[in-house]
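Read off the chains here:
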Amino acid sequence: MSNTESSKNTELTRRKFLGTAAASAGLAIAPGVLLFRVAQAKPAAQAVTSKVRWGMLIDSTKCSTGCNDCVTACKTEHHLEGHNRPETDVQWIRKLKVTDKQTGHVMSLPMMCQHCENPPCVDVCPTGASFKRADGIVLVDRHICIGCRYCMMACPYKARSFEHEEVDDQAVSAPRGKGTVEACTMCVYRVDRDKQPACVEACSEAEHGAMLFGDLNDPESEISKRLAEYGGKQIRADLGLNTGVRYQGI
Amino acid sequence: MSVGLHKKKLKLLLAGLILTLPLSLFAEGNLPIVPKAKAKATAEYGCVNPVADMRKNHMEYLLHQRDQTMHKGIRTKKYSLAKCIECHVTPDKNGKYAEYGDDDFFCSSCHNYAAVSIDCFQCHNDKPQSAYSSLSSNKQSLPEGHEKFASNDTLPSGDAE
């Protein structure tokens, strides 16, 4: 397919174009972002499967203290508003600064739902509202969440929040309201439409390149290749949760 | 004043009431006025399914779609709540949007009449995505990707007034 053909710039044509081009040219076109999009294109009517497992790789050596771009992107994307009550305001992603008291070495990293393979939040949920999608994304079905907050207690990463106040002006793609638990959704509605989570996008748009999103089950994906070559740590690996979010440089 | 006169007056009043009651019950003002959609989903039916079917069964479709989307990541447009709102909720002449609960908001026009109460709009925005594209000049409140969400799967248009 030629470039002129693809310039009938509907989404479909572009995708088709990328699909064919990638299939024929393989690695000749920019790997990484493009490949991830091509490989994972999912028709709207198709259910997610366990063939893919979405994950993230965070390079803390590229993540600087003081930078809050991922957090800001998340808040903007999901219209998360606080009430000046840091103890209880919702947060889906937060920045951590870890100092080694002996050496003075400082590490910076974002912390959010680690999308565990064996999520403790799902184990304790009394209604089945906490669940893991086939593709590994851990979510709260807020339609059946009763707001008991057991999952918040069970989560070793302090990743979940409870909305205490009525919410107005929600993002159309991110409904949320009072009395339910919420957390990072890996921006499912973006992922289902072949886009990256908002935080990852913001991090790479600002050219920090500290966050990478992709399919952990696909050995050809950028994230799997990097993990295979350089490794990536789980935080609290001792718990055996097999997290979908991995870290380098920690 | 005699008791008799009083009774006569009452009777007259009652007769009057009985005459006017049925009239006002069937007068237009008492039936819900359902705001018009801004486009047609299909030339054939108007809505995504025949209108009579939608009046009766919309809740089934919505609840089914909810589970499909939430648990399986199925994101078809047909029964998407966001799409119902996109097509059915339009601004008035001053560019203002009615809210869920108002008699002139699409979903509550009927629900108020039939005393149905739903919690959907405690979480789901009752304004269409297009409200944000036109209302807000502040880019921050229109996160990247949302314009796309609204325009990505373009709704059929043309038949709107």
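Residues numbered from 1 in each chain as written. Chains lettered and ligands numbered in written order. Predicted model: local features only at pLDDT ≥ 70, side-chain atom pairs only at ≥ 80, totals over all residues. Heavy atoms only, no water.

Participant: Help me get a handle on the environment of Cys123 of chain B, residues and values and all.
Facilitator: Examined against the element boundaries, Cys123 of chain B turns out to sit in helix α5 (residues 120-123). Owing to a relative accessible area of 18%, Cys123 of chain B belongs among the buried residues under this scheme. Every residue in contact with Cys123 of chain B, bar those within four places of it in the chain, is listed here: Gln170, Pro175, Arg176 and Gly177 of chain A. (Helix = DSSP H or I, 4+ residues; strand = E, 2+ residues; numbered from the N terminus. Buried < 20%, exposed > 50% of the residue type's maximum accessible area, 1.4 Å probe, protein only. Contact = heavy atoms within 4.5 Å.)

Participant: Describe the pattern of salt bridges, naming the residues involved and giving the relevant values.
Facilitator: Residues and elements named next belong to chain A. According to the stated counting rule, one finds 15 salt bridges over all chains in the structure shown. Between Glu77 and Arg190 there is a salt bridge whose closest N-O contact spans 3.0 Å. Here Glu77 is found in helix α4 (residues 69-78), whereas its partner Arg190 is found in helix α7 (residues 188-191), with 113 residues between them in sequence. For Glu77, a relative accessible area of 2% puts it in the buried group. (Salt bridge = Lys/Arg side-chain N within 4 Å of Asp/Glu carboxyl O.)

Participant: Break down the sheet that holds strand β1 (residues 54-59) of chain A for me, citing the residues and quoting the values.
Facilitator: Residues and elements named next belong to chain A. Strands sit in the order β8-β1-β9 across an open sheet of three strands; the sheet is mixed. Looking at which strands have only one partner, the edges of the open sheet turn out to be β8 (211-215) and β9 (245-248). Going from strand to strand, the sheet's axes swing by 20 degrees on average, the running direction of each strand aside. Sheet analysis places β1 next to β9, joined by four bridges and oriented parallel. Opposite Ile58, over in β9, you have Tyr247 as the bridge partner. Where helix α8 (residues 198-205) meets the sheet, it contacts β1 and β8, and its direction lies at approximately 130 degrees from that of β8. (Pairing = 2+ DSSP bridges. Axes fitted to C-alpha atoms, helices over the stretch in contact; angles between N-to-C directions.)

Participant: Explain the nonpolar core residue by residue, including any values.
Facilitator: In terms of nonpolar packing, the biggest core is built from 50 residues, with Met56, Ile93, Met112, Tyr157, Met186, Met211 and Tyr247 of chain A touching the most fellow members. Elements with a contribution of two residues or more to this core: β1, α4, β3 (106-112), β5 (138-140), α7, α8, β8 and β9 of chain A. Among the elements that take part in this core, α8 of chain A stands out by supplying four residues, more than any other. Met112 of chain A has contacts with Met56, Ile58, Trp92, Ile93, Ala159, Cys184, Met211, Val245 and Tyr247 of chain A, leaving out every residue within four places of it along the chain. Among the nonpolar cores identified, the runner-up in size contains 10 residues, and Ile85, Tyr97, Phe105 and Tyr132 of chain B belong to it. (Core = buried A, V, L, I, M, F, W, Y, C linked by side-chain atoms within 4.5 Å.)

Participant: How would you sum up the interface of chain A and chain B? Please name residues and give values.
Facilitator: Taken together, the contact between chain A and chain B spans 32 residues of the former and 26 residues of the latter. Counting the surface lost from both chain A and chain B, the interface buries some 2700 Å², and carbon and sulfur atoms represent 53% of this. The largest per-residue losses of area from chain A upon contact with chain B belong to His143, Val172 and Arg193 of chain A, which jointly make up 25% of the total buried on that side. Our enumeration of links across chain A and chain B arrives at two salt bridges. Here Arg75 of chain B makes a salt bridge to Asp192 of chain A, at a shortest N to O gap of 2.6 Å. Put simply, chain A and chain B have 10 residue pairs in polar contact (both at pLDDT 80 or more) between them. The set of elements that each furnish at least two residues to the side of chain A that touches chain B consists of α4, β5 and α7 of chain A. For the side of chain A that touches chain B, the element with the highest residue contribution is α7 of chain A, accounting for three residues. (Buried area = accessible area lost by both parts, 1.4 Å probe. Polar contact = N/O pair within 3.5 Å; in protein donor to acceptor, adjacent residues only side chain to side chain.)

Participant: Mind laying out the pairing of β3 of chain A, listing which residues take part and the relevant values?
Facilitator: Residues and elements named next belong to chain A. Most of β3 sits out of view: six of its seven residues are buried. For strand β2 (residues 93-99) and β3, the ladder comprises seven bridges, and the chain directions are antiparallel. Of the residues in β3, the one forming a bridge with Lys97 is Ser108. Joining the antiparallel neighbours β2 and β3 is a turn of six residues, in which Gly104 adopts a positive phi near 80 degrees.

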